[in-house]
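Now for the letters of each chain:
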Amino acid sequence: MSDFLQYFSKHVTEQPKRPALFYEPTNTTITYEELDQYSSQVCCYLQQQHIGPEDFVVICLPRGVEPIICVLGVLKASAAFVLLEDDFPAERITSIIKDCDCKLVLNYSVVETIIHESPVYHPLPYDEHAAAFAIYTSGSTGQPKGVLHEYGSIMHIVKSLATIPQIALGKDDAFTVSSPLNYVATLIVIFTMLYC
């Protein structure tokens, strides 16, 4: 996992003013420098709430740049996340919050508070076998079930794409996130984008 954050930091250092995220409906652009700062603010807020390894944070926000900022902030805090969209049925959100023993919900009002935090980020040690995120099934059998992914799997995800000869990813490539935020395919795109 440290490799993942080190690669992201390298991009921030080498191209701080380059756009990292773009959300077309609101015409919002976030540079690498801003993404680093905002995600560090999320990390600091989580640390102030005593949230760290093996603690789950539910990210429940509308589509946009904020969910990705929060994902990176949770990873910087060495905590774990469940990524949801805020238009999910309230009963499903409540069920997932309870099931994952959520310590904090990052919704829009909390994110508005976080922007006033200091953006100081101190890297924390991590365990590659610690929980990084959970993806919840659709619940077609009655109750959604969380599939746990460890920190070590994040690097496996991004490095596995490098083994496909037809995919040569570089800094000039762009990724589109069109799938729902709670899909593992969406996180593969997000992790690959931040890594590459």
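Everything quoted here is computed from the prediction, not taken from an experiment.

Can you walk me through the overall build of the protein in this structure?
Scanning the protein from terminus to terminus reveals 7 helices and 7 strands. Seen in sequence order, the protein has helices and strands lined up from the N terminus as α-β-β-α-β-α-β-α-β-α-β-β-α-α. Taking all 196 residues of the protein together, the buried fraction comes to 45%. Counting only contacts in the protein whose residues sit at least 6 apart along the sequence, the fraction spanning at least 24 positions is 70%. Accessible area for the protein stands at about 10000 Å²; split by element, carbon and sulfur atoms hold 55% of it.

Help me understand the pattern of salt bridges, please; the structure alone is not making it clear to me.
Throughout the structure, instances matching the rule amount to 5 salt bridges. Between Lys-10 and Glu-14 there is a salt bridge, and its shortest N-O distance comes to 3.6 Å. Of this pair, Lys-10 and Glu-14 both sit in helix 1 (residues 2-14), 4 residues apart, which is roughly one turn of the helix. Residue classification places Lys-10 among the partly exposed residues on the basis of a relative accessible area of 40%. Put simply, Glu-33 and Lys-17 hold a salt bridge, and the shortest N to O gap is 2.5 Å. Here the residue Glu-33 occupies a position in helix 2 (residues 32-48), and Lys-17 occupies one in the loop between helix 1 and strand 1 (19-23), the gap between them amounting to 16 residues. Look at Glu-33 and you get partly exposed, because its relative accessible area is 35%.

Hey, could you run me through the nonpolar core in this one?
Here is a general trend for soluble globular proteins: nonpolar side chains tend to be buried in one another's company. Grouped together as the largest cluster of nonpolar side chains are 50 residues, with contacts concentrated most on Phe-4, Leu-35, Ile-59, Phe-81, Leu-106 and Phe-191. Take this core: its biggest share by element is 7 residues, from helix 3 (residues 66-76). When near neighbours in sequence (up to four residues on either side) are disregarded, Phe-81 contacts Phe-56, Val-57, Ile-59, Val-71, Val-74, Leu-75, Ala-132, Phe-133, Ala-134, Leu-187 and Phe-191.

Which parts of the structure should I look at to understand the packing of helix 3 against helix 7 (residues 184-195)?
When two helices pack together, their arrangement is given by the angle between the helix axes and the distance between those axes. Contact geometry of helix 3 with helix 7 gives a least axis separation of 12 Å together with a crossing angle of 75°. When the interaxial angle is binned, helix 3 and helix 7 end up roughly perpendicular. The segment helix 3 lies against helix 7, with Ile-68, Val-71, Leu-72 and Leu-75 engaging Ile-190, Phe-191, Met-193 and Leu-194. Its residues assigned to classes, the contact of helix 3 with helix 7 comprises 8 nonpolar, no polar and no charged.

What is the right way to read the layout of surface pockets from this model?
Sizing a probe to match a water molecule and rolling it over the atoms shows the empty space that remains. Computed from the structure, the second largest pocket encloses a volume of approximately 300 Å³. Residue lining of the second largest pocket: 19 residues in total, with Val-65, Glu-66, Ile-69, Tyr-108 and Val-111 positioned closest to the centre. Broken down by secondary-structure element, the contributors of at least two residues to the lining of the second largest pocket are strand 2 (28-31), helix 2, helix 3 and helix 5 (108-114). Top element by residues in the lining of the second largest pocket is helix 5. It accounts for 4 residues. Split into classes, the residues belonging to the lining of the second largest pocket amount to 12 nonpolar, 4 polar and 3 charged.

What counts and what doesn't
- Residues numbered from 1 in each chain as written.
- Predicted model: local features only at pLDDT ≥ 70, side-chain atom pairs only at ≥ 80, totals over all residues.
- Heavy atoms only, no water.
- Helix = DSSP H or I, 4+ residues; strand = E, 2+ residues; numbered from the N terminus.
- Buried < 20%, exposed > 50% of the residue type's maximum accessible area, 1.4 Å probe, protein only.
- Contact = heavy atoms within 4.5 Å.
- Areas by Shrake-Rupley, 256 points an atom, 1.4 Å probe, with all protein chains shown as cover.
- Salt bridge = Lys/Arg side-chain N within 4 Å of Asp/Glu carboxyl O.
- Core = buried A, V, L, I, M, F, W, Y, C linked by side-chain atoms within 4.5 Å.
- Axes fitted to C-alpha atoms, helices over the stretch in contact; angles between N-to-C directions.
- Parallel < 35°, antiparallel > 145°, perpendicular 65-115°, else oblique.
- Nonpolar A, V, L, I, M, F, W, Y, C, P; charged D, E, K, R; others polar.
- 1 Å grid on protein atoms, 1.4 Å probe; cavity = no way out; pocket = protein on both sides within 12 Å on 5 of 7 lines; lining within 4 Å.
- Points joined across faces, edges and corners; volume = space filled by probe spheres on them.

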